[in-house]
Amino acid sequence: MRSSSLVLSVIAALAMPGAALAGPGGHGHSHADTAYGEPGDPKKPARIVQIAMNESDGKMLFIPDKIEVRRGEQIRFMLRNAGGQDHEFVLGTLEENLKHGEEMKKNPDMEHDDPNSKRLAAKKTGEIVWKFTKAGTFDFSCLIPGHRESGMFGTVIVK
């Protein structure tokens, strides 16, 4: 009887909304149904959007920093860090990214391993496939401390 209640407690804890599992130095999130969509299927067609990350004249930036997509559209973000520092691309709501940015200030070595984010070393490339299921205005940011504040953020408008 005792072991069955332990099993039920573990199952209940794992089933709780927002339950996340993370390894050392990183974290994970459940992205089954977010305000800004869901992880895409890499085997299905997607519109390619190229995003460059860079530093210039004391600013950090994404090029482009504004993207328009249709609700239901799947996007393959082709990310290229053209800069000399590590950068990351974190897709979310503005509120989520601002809150997460505060967490990053407390844990600057935190690395992301989520379907909606990718950290890239200088001169490296990566990709994220994301399906935008809901209309709205969403944010993408580099949440490495100081980078968003230096201008490294952008907007996704889903119509």
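Computed from a prediction, not measured in an experiment: that's the story for all the values here.

K.L.:
So, the sheet that holds strand β6 (residues 74-81): which residues are in play, and what are the values?
P.N.:
Reading across from one edge, β2-β10-β6-β3-β4 is the order of the five strands in this open sheet, with mixed pairing throughout. Strands at the two margins of the open sheet, each flanked by one partner only, are β2 (38-39) and β4 (59-63). Pairing geometry for β6 and strand β10 (residues 125-131), over seven bridges, is antiparallel. Bridge assignment links R76 to a residue of β10, and that residue is V129.

K.L.:
Residue-level account of the packing of aromatic side chains, with values.
P.N.:
In total, this model carries seven aromatic pairs according to the counting rule given. Seen in terms of ring centroids, Y36 and W130 are 5.3 Å apart; in terms of plane orientation they differ by 20°. Their pairing is stacked. Residue Y36 is located in the loop between β1 (26-27) and β2, and its partner W130 is located in strand β10; the two are separated by 94 residues in the primary sequence. Overall, W130 belongs to the buried group, its relative accessible area being 0%. On the numbers, 5.0 Å between centres and 45° between planes, the contact of F77 with F89 is tilted. Residue F77 is located in strand β6, and its partner F89 is located in strand β7 (residues 87-92); the two are separated by twelve residues in the primary sequence. F89 shares its class with F77; the two are buried. Here a set of aromatic residues connected by ring pairs shows up, and it is made of F62, F77, F89, F132 and F140. R148 extends its terminal NZ or CZ atom over the ring of F153, reaching a point 4.5 Å from the ring centre.

Conventions used here
Numbering of residues starts from 1 in each chain and follows the order in which that chain's sequence is written. Local features in a predicted model are, by the rule used here, given only for residues with pLDDT of at least 70; side-chain atom pairs are given and counted only at 80 or more, and totals for whole chains, interfaces and linings are based on all residues. Hydrogens and water are ignored here; the side-chain numbers use all heavy atoms of the structure. In short, DSSP must find at least two bridges between two strands for them to pair. Secondary structure elements follow DSSP: runs of H or I no shorter than four residues count as helices, runs of E no shorter than two count as strands, and numbering proceeds from the N terminus. Any two of the Phe, Tyr and Trp rings considered here, Trp counted by its six-membered ring, make a pair once their centres fall within 6.5 Å; the pair's planes then place it as stacked at under 30 degrees, edge-to-face at over 60, or tilted in between. For every residue, the accessible area (1.4 Å probe, protein chains only) is compared with the maximum for its type, and the residue is labelled buried under 20%, exposed over 50%, or partly exposed between those bounds. The criterion for a charge sitting over a ring is simple: Lys NZ or Arg CZ within 6 Å of the ring centre, and within 35 degrees of the ring normal.

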